[in-house]
Amino acid sequence: MPMVLLRCDKDIPEREKHIYLKAPDDDPKDFLPLANSPTIPGTLSERGCAFCGAKLVIGGVLKDTIQMIHGPIGCAYDTWHTKRYPSDNGNLQIKYVWSTDMKEPDIVFGGEKKLEKAMHEAFDEMPHLKRMILYTTCPTALIGDDVKAVTKRVMEARPDVDIFTVECPGFAGVSQSKGHHVLNIGWVNEKVGTIEPEITSEYTMNFIGDYNIQGDTFLLQQYWDALGIQVIAHFTGNANYDDLRGMHRAKLNVVNCARSAGYIANELKRKYGTPRLDIDSWGFNYTAEGIRKISTFFGIEEKGEALIASEYAKWKPKLDWYKARLKGAKMAIWTGGPRLWHWTKAVEDDLGVEVVAMSSKFGHEEDFEKVIARGREGTYYVNDPNELEFFEIINAIKPDVIFTGPRVGELVKKLHIPYVNGHGYHNGPYMGFEGFVNLARDMHNAVHNPLFNLARTDVRATPVVELKEAV
Amino acid sequence: MTAPALDEVYGYVQERCLWQFSSRAWDRTENIDGVLGTLADLLTNTPVNPSSPTERLFLADARVLADQLRERFPDLGSLDAAGVRALLESLRERVTQVAITQSRNHELHEKAY
């Protein structure tokens, strides 16, 4: 029973290995959805591509860096300003993207000259920018453009610039997860240790796997400031390119998103001996726990407890107001991977919400081990879901609200089920104490939105008023 | 008072602790042994003096867990030091079995991250 073949999947029976329905007394050793595996032909996958994982998720967040995308304009357009990660310098990373705009003749005759010209143009047009990440895409990887050689020539011609190349075309992996991996490993191998950061505190850390979605980084930074901890690099929320070159000097790596950035924390541990601390930075209970662990590591427990007490006094009454109104609500989480395990117990413990279905687009089996350990019995756990599965599961579990992206969200709205943007947030930030109150507010406004009751009403069932033509 | 059952303590640790689910088997082993070893010292009032950053990390994880277990399982106090260590050794074996030796995670033994 626990691995499930949905009715809609009868013609693609391989999907049974990807869908788990947790039953009472299941032994955790016996069931684990297959994950990070190729999408089965015939399924309407929701996944993003490997290039997207590198550019849109991680590299594109940097606030002082030219994002040069060597490929057709669509690869740049589709990963441009669709994710809400602001910065404190005017949101350069949201406003701009650069592309070599490859056309058919360029594919036939090669794109290296066009790339070199575009790189010089970009630096000339914005002379205050001295850092660049260069990404390959499917066509430019397939024709074999030697982007590292081009990068070398540009850096020789411009000694004051630094360029990082990410050779991760869309087809390189089964999902965007491959892009996370390539960027992480490339960065630690080529760029970490090439700059010495200025150390301003005896307590230093990197905060890894937070992308400043609607200001998450800004909010958490208040806590680190209160504790006197210097964050050498945020990987990569509101970060500068050179911040990330100095990651080797931190005494501790704190990891939030272990899927997109666990690799760099592992490599920093292996190469520099920096310990890796995994925390959950969504939810009251979890955030307090994370602060306690960080404070204990640095021996500043009293400061940590004072901060937690102050934040609880400020925000807990507000959270409890929402909890009283959300208790028992049924929630589905259809996001990328880690938010499943970050959120399922957080909303249950802090808000009394029951998570009844979860799906992951790019999670690995490690993510499913975590979420099944934390999730409820009777809940669906789905890897690489498709639209028909969404419909069938909705019918089975009848969620009150779904946390997902706008693409799927607009779909479920047509079924008169409210959604909250689980990727870019509705009205974030959602991390930390204040952030979780924001999440609770958005969930409350979705669950209790009167418009959905009106929309669900079938007006055809009521007597039709006959309209008379004006004379 | 009765001592808390292994199943109950394991259930809580499995749900709560991310350190058991690191990317690779060797990281999981290091974390499980390090955190639960430090936890045993804390719960038996044995002095803990971390001498490396990794040991400080184990202390950070173990101290939070020790407080949570004391609050959640007050009957832990009915165990003497040998009883606590025996319980935690059984816990270590169970966590190792589920998270490493019998895990269905295909990536645990890959050589690179």
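Residues numbered from 1 in each chain as written. Chains lettered and ligands numbered in written order. Predicted model: local features only at pLDDT ≥ 70, side-chain atom pairs only at ≥ 80, totals over all residues. Heavy atoms only, no water.

### Remarks on the overall build of chain A
A tally of regular secondary structure across chain A gives 19 helices and 14 strands. Expected size for 471 residues packed as a compact globule is a radius of gyration near 23 Å; at 24 Å, chain A falls within 12% of this value. The principal-axis extent of the C-alpha atoms belonging to chain A is close to 75 × 65 × 65 Å. Evaluated residue by residue, chain A yields a buried proportion of 59% over its 471 residues. Partitioning the intrachain contacts of chain A with sequence separation of at least 6 by distance along the chain shows that 74% fall at a separation of at least 24. (Helix = DSSP H or I, 4+ residues; strand = E, 2+ residues; numbered from the N terminus. Rg over C-alpha atoms; globule rule 2.2 N^0.38 Å. Buried < 20%, exposed > 50% of the residue type's maximum accessible area, 1.4 Å probe, protein only. Contact = heavy atoms within 4.5 Å.)

### Topic: the interface of chain B and chain A
By convention, interface size is frequently given as the accessible area that disappears when the constituent parts associate. With 31 residues of chain B at the contact, the number on the chain A side is 39 residues. Interface area, chain B with chain A, both sides summed: about 3200 Å², of which 52% is carbon and sulfur. Of all residues in chain B, Arg16(B), Leu18(B) and Tyr113(B) bury the most surface against chain A, accounting for 25% of the area lost on that side. Where chain B meets chain A, there are seven salt bridges. Taken together, the connections running from chain B to chain A amount to 20 residue pairs in polar contact (both at pLDDT 80 or more). Within the residue set of the side of chain B that touches chain A, elements represented by two or more residues are α1 (6-16), α2 (25-43), α3 (53-72) and α4 (81-101) of chain B. Per-element tally for the side of chain B that touches chain A: the top contributor is α3(B), with ten residues. Of the residues assigned to the side of chain B that touches chain A, the class counts are eleven nonpolar, ten polar and ten charged. (Buried area = accessible area lost by both parts, 1.4 Å probe. Salt bridge = Lys/Arg side-chain N within 4 Å of Asp/Glu carboxyl O. Polar contact = N/O pair within 3.5 Å; in protein donor to acceptor, adjacent residues only side chain to side chain. Nonpolar A, V, L, I, M, F, W, Y, C, P; charged D, E, K, R; others polar.)

### Thoughts on the confidence of the model for chain B
Mean pLDDT over chain B: 96, with 97% of residues reaching 70 or higher. ipTM for the predicted complex: 0.97, alongside a pTM of 0.96. (pLDDT = per-residue confidence, 0-100.)

### Quick notes on the packing of helix α12 (residues 284-298) of chain A against helix α14 (residues 338-351) of chain A
Two measures define how a pair of helices packs: the angle their axes make with one another and the distance between the axes. Residues and elements named next belong to chain A. Running from N to C, α12 and α14 point in directions that differ by 115°, and their axes come no closer than 8 Å. By the angle between their axes, α12 is roughly perpendicular relative to α14. Touching Phe-284, Asn-285 and Tyr-286 of α12 are His-342, Lys-345, Ala-346 and Asp-350, all from α14. (Axes fitted to C-alpha atoms, helices over the stretch in contact; angles between N-to-C directions. Parallel < 35°, antiparallel > 145°, perpendicular 65-115°, else oblique.)

### With respect to the packing of aromatic side chains
Residues and elements named next belong to chain A. Under the definition given, this model contains 22 aromatic pairs over all chains. Taken together, a centroid distance of 4.0 Å and an interplanar angle of 25° make the contact between Trp-334 and Phe-390 stacked. Taken as a pair, Trp-334 in strand β10 (residues 330-335) and Phe-390 in helix α16 (residues 387-397) lie far apart in primary sequence, 56 residues in all. A relative accessible area of 3% places Trp-334 in the buried class. (Phe/Tyr/Trp six-rings, centres within 6.5 Å; stacked < 30°, edge-to-face > 60°.)

### Notes on helix α5 (residues 112-125) of chain A
Residues and elements named next belong to chain A. Between its first and last C-alpha, α5 extends 20 Å over 14 residues, near the 20 Å set by a 1.5 Å rise per residue. Listed in full, the buried residues belonging to α5 are Leu-115, Ala-118, Met-119, Ala-122 and Phe-123. Take α5 and look down its axis: the buried residues cluster within an arc of 130°, on one side only. Of the exposed residues in α5, the ones pointing more than 90 degrees away from its buried face are Lys-113, Lys-117 and Glu-125. Taken together, the buried residues of α5 touch β2 (65-70), β3 (98-99), β4 (131-136), α7 (147-157) and β5 (162-166). (Expected span 1.5 Å × (residues − 1). Arc of directions from axis to C-beta.)

### Details of empty space enclosed by the protein
With the rule as written, the count across this model stands at seven cavities of 30 Å³ or more. Computed from the structure, the largest cavity encloses a volume of approximately 120 Å³. Along its surface, the largest cavity is lined by 14 residues, and Pro28(A), Leu32(A), Glu369(A), Gln14(B) and Val98(B) are the ones closest to its centre. For the lining of the largest cavity, the elements supplying multiple residues, two or more each, are α15 (365-374) of chain A together with α1 of chain B. Tallying contributions element by element places α15(A) first for the lining of the largest cavity, with four residues. Looking at the lining of the largest cavity, its residues break down into nine nonpolar, two polar and three charged. (1 Å grid on protein atoms, 1.4 Å probe; cavity = no way out; pocket = protein on both sides within 12 Å on 5 of 7 lines; lining within 4 Å. Points joined across faces, edges and corners; volume = space filled by probe spheres on them.)

### Some points on the pattern of salt bridges
Scanning the entire structure with this criterion turns up 47 salt bridges over all chains. Residues Lys114(A) and Asp106(A) are paired through a salt bridge, measuring 2.8 Å at the closest nitrogen-oxygen approach. Between Arg376(A) and Glu354(A) there is a salt bridge; the shortest N-O distance is 3.8 Å. Separated by 22 residues along the polypeptide, Arg376(A) in the loop between α15 and β12 (380-383) and Glu354(A) in strand β11 (residues 354-360) bring together distant segments of the chain. The exposure class assigned to Arg376(A) is partly exposed, which follows from its relative accessible area of 27%. Residue Glu354(A) is classed as partly exposed on the basis of its relative accessible area, which comes to 27%. Residues joined by salt bridges that share partners form a network here, namely Lys345(A), Glu348(A), Asp349(A), Glu354(A), Arg376(A) and Glu15(B).

### Regarding the sheet that holds strand β9 (residues 276-278) of chain A
Think of a sheet as strands paired side by side through backbone hydrogen bonds, with each pair either parallel or antiparallel. All names here are of chain A. Reading across from one edge, β7-β6-β8-β9 is the order of the four strands in this open sheet, with parallel pairing throughout. Edge positions in the sheet fall to β7 (230-236) and β9, since each of these pairs with one other strand and no more. If you compare each strand with its neighbour and ignore which way they point, the axes differ by 20° on average. Along the sheet, helix α9 (residues 216-227) contacts β6 (204-210) and β7; its crossing angle with β6, the most-contacted strand, is approximately 155°. (Pairing = 2+ DSSP bridges.)

### Digging into the layout of surface pockets
Volume-wise, the largest pocket comes out at about 900 Å³. Lining the largest pocket are 47 residues, with Leu56(A), Lys83(A), Gln176(A), Lys361(A) and His423(A) positioned closest to its centre. Within the residue set of the lining of the largest pocket, elements represented by two or more residues are α1 (50-58), α2 (73-77), β6, β10, α14 and α17 (406-413) of chain A. The dominant element in the lining of the largest pocket, judged by the number of residues it contributes, is α1(A), at four residues. Considered class by class, the residues forming the lining of the largest pocket number 19 nonpolar, 18 polar and ten charged. Volume-wise, the second largest pocket comes out at about 400 Å³. Along its surface, the second largest pocket is lined by 16 residues, and Asn285(A), Tyr12(B), Arg16(B), Gln68(B) and Glu71(B) are the ones closest to its centre.

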